[in-house]
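Letter by letter, the chains look like this.
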Amino acid sequence: MTSPDAALRLLGDLEQVVLGQQAVLRQLMITLLARGHALVEGVPGTAKTLAVRALARGLGLGFGRVQFTPDLMPTDLIGVNILGETGFTYRPGPVFADLLLADEINRAPPKTQAALLEAMEERQVTVDGRTRALPAPFTVFATQNPVEYEGTYPLPEAQVDRFLMKIVVDYPPAEAEQAILDRHKAGFRADDETTYSMGETMTREELLERRAAVDGVHMDERVRRYVTDIVRATRDDAAFVLGASPRAGVALFQAARAEAYLQGRDFVTPDDVKSLSFPVLRHRVVLTAEAEVEGRSSDDELRSLLETLEAPR
């Protein structure tokens, strides 16, 4: 099995740039290794954009950023054919990037959000009947703000289900916040990548090799059955109006293999599956009105559900 050392070195570099968000950074890395996409939710100022920019820099990948706004059109994202003197010429949109940051994705109308569906699922876009492939490492990291609801559009269920994970970014601990101020005093600037103190830790080729290595991580039949049991249990849980789809099982399967790989193992344990059930499933289930009124979250209900299922030994 290809060593995860390069991925772990990159993770270590990221932790020196984005302070106090180790769990978030690890989940971003898992998303990348598992060939997935991530929905990153957090209040403004919690380094969501910084984390993705630093990840792109550490990989030496092409980085694209789109600010989603109510007037953003699908062609602004995927490109458009322009009529010139010699006929139509295709002008590609920012979606043709290795890593795409979709900032505040829920501020764009559903028609524009839907333009990402084909790109996220099939790594390609179709414009005027012609299909064009996206770069091999293509990954979408979309951010949304849980506080500012005015002027937002709910993401369609089909869109949400295509995100491997929903990564929740909380405030960093007090010591990390103090370290952030100390670092800015020393000259760090989030908008200046030259101050990140990190180089290219893992090349595009190394990333693709490590993705292939993740595909080789073994998951025993009993653990696979545990994945299925968890996903199916969400559909029978009285706290959920909507349970997770079969795609959720595939996502949990792939994410757990990436976690095992980062830990240097060539096999998945039930703990890998259990720990990743929260980021993989929290956006795929819908709470009942009663559960919401009681102030319970998807994570609360998933935690209760997992306690009722026996993990394989």
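Quick caveat, the model's predicted, so the values are computed rather than measured. (Residues numbered from 1 in each chain as written. Predicted model: local features only at pLDDT ≥ 70, side-chain atom pairs only at ≥ 80, totals over all residues. Heavy atoms only, no water.)

Caption draft 1: Representation of the pattern of salt bridges. Counted by the stated rule, this structure contains 21 salt bridges. With a closest N to O distance of 3.7 Å, Asp 215 and Arg 257 form a salt bridge. With Asp 215 in helix H8 (residues 204-215) and Arg 257 in helix H10 (residues 246-262), this pair connects stretches of sequence that are 42 residues apart. For Arg 257, a relative accessible area of 10% gives the class buried. (Salt bridge = Lys/Arg side-chain N within 4 Å of Asp/Glu carboxyl O. Helix = DSSP H or I, 4+ residues; strand = E, 2+ residues; numbered from the N terminus. Buried < 20%, exposed > 50% of the residue type's maximum accessible area, 1.4 Å probe, protein only.)

Caption draft 2: Layout of the pairing of strand E6 (residues 124-127). By the alternation rule, side chains of E6 split into Val 125 and Val 127, which are all buried, and Gln 124 and Thr 126, of which none is buried. Bridging between E6 and strand E7 (residues 130-133) involves 4 bridges; their strand directions are antiparallel. Within E7, the position partnered with Val 127 by the bridge is Arg 130. Between E6 and E7, which pair antiparallel and follow one another directly, the connecting turn spans 2 residues, one of which, Asp 128, has a positive phi of 50 degrees. (Pairing = 2+ DSSP bridges.)

Caption draft 3: Layout of a nonpolar patch on the surface. There is a patch of nonpolar side chains on the surface, built from Val 241, Leu 242 and Val 286 and spanning about 230 Å² of accessible area. The residue Leu 242 is located in strand E10 (residues 240-242) in this model. (Patch = residues over 30% accessible without salt bridge, like charges linked within 9 Å, V, L, I, M, F, W, Y side chains within 5 Å. Areas by Shrake-Rupley, 256 points an atom, 1.4 Å probe, with all protein chains shown as cover.)

Caption draft 4: Expanded view of the environment of Thr 143. Among the secondary structure elements, Thr 143 is positioned in strand E8 (residues 139-144). Residues Thr 143 and Val 285, spaced 142 residues apart in sequence, show a C-alpha to C-alpha distance of 19 Å. Every residue in contact with Thr 143, bar those within four places of it in the chain, is listed here: Val 40, Lys 48, Leu 101, Ala 102, Asp 103, Glu 104 and Ile 105. Here the side chain of Thr 143 touches Asp 103 through a polar contact of 2.7 Å, side chain to side chain. (Contact = heavy atoms within 4.5 Å. Polar contact = N/O pair within 3.5 Å; in protein donor to acceptor, adjacent residues only side chain to side chain.)

Caption draft 5: Molecular detail of the packing of aromatic side chains. Throughout the structure, instances matching the rule amount to 2 aromatic pairs. When the ring of Tyr 90 is compared with that of Phe 96, the centres are 6.1 Å apart and the planes differ by 75 degrees; the resulting orientation is edge-to-face. Classification of Phe 96 by relative accessible area gives partly exposed; the value is 26%. Here Phe 188 and Tyr 196 contribute two aromatic rings whose centre-to-centre distance is 5.7 Å and whose plane-to-plane angle is 25 degrees, an arrangement assigned as stacked. In this structure, Phe 188 and Tyr 196 share a single accessibility class: buried. Sitting over the ring of Phe 188, Arg 183 keeps its end group 3.8 Å from the ring centre. Note that Arg 265 overlies the ring of Phe 267, its terminal NZ or CZ placed 5.5 Å from the centroid. (Phe/Tyr/Trp six-rings, centres within 6.5 Å; stacked < 30°, edge-to-face > 60°. Lys NZ or Arg CZ within 6 Å of the ring centre and 35° of its normal.)

Caption draft 6: Representation of the layout of surface pockets in the model. If you add up the space inside the largest pocket, you get close to 770 Å³. As for the largest pocket, its lining consists of 29 residues, and the residues nearest its centre are Val 160, Lys 166, His 283, Val 285 and Val 286. At the level of elements, strand E1 (38-42), helix H6 (157-160) and strand E11 (286-287) are the ones that each hand at least two residues to the lining of the largest pocket. Here the residues of the lining of the largest pocket are counted per class, giving 13 nonpolar, 8 polar and 8 charged. The calculated volume of the second largest pocket comes to roughly 310 Å³. Considering the residues around the second largest pocket, the lining is formed by 19 residues, among which Gly 45, Thr 46, Ala 47, Leu 50 and Ile 180 are closest to the centre. When contributions to the lining of the second largest pocket are tallied by element, the ones reaching two or more residues are helix H3 (48-59) and helix H7 (174-185). Here the lining of the second largest pocket gets 4 residues from one element, more than from any other, and that element is H7. Partitioning the lining of the second largest pocket into residue classes produces 11 nonpolar, 5 polar and 3 charged. (1 Å grid on protein atoms, 1.4 Å probe; cavity = no way out; pocket = protein on both sides within 12 Å on 5 of 7 lines; lining within 4 Å. Points joined across faces, edges and corners; volume = space filled by probe spheres on them. Nonpolar A, V, L, I, M, F, W, Y, C, P; charged D, E, K, R; others polar.)

Limitation: the analysis is restricted to geometry and does not speak to function.
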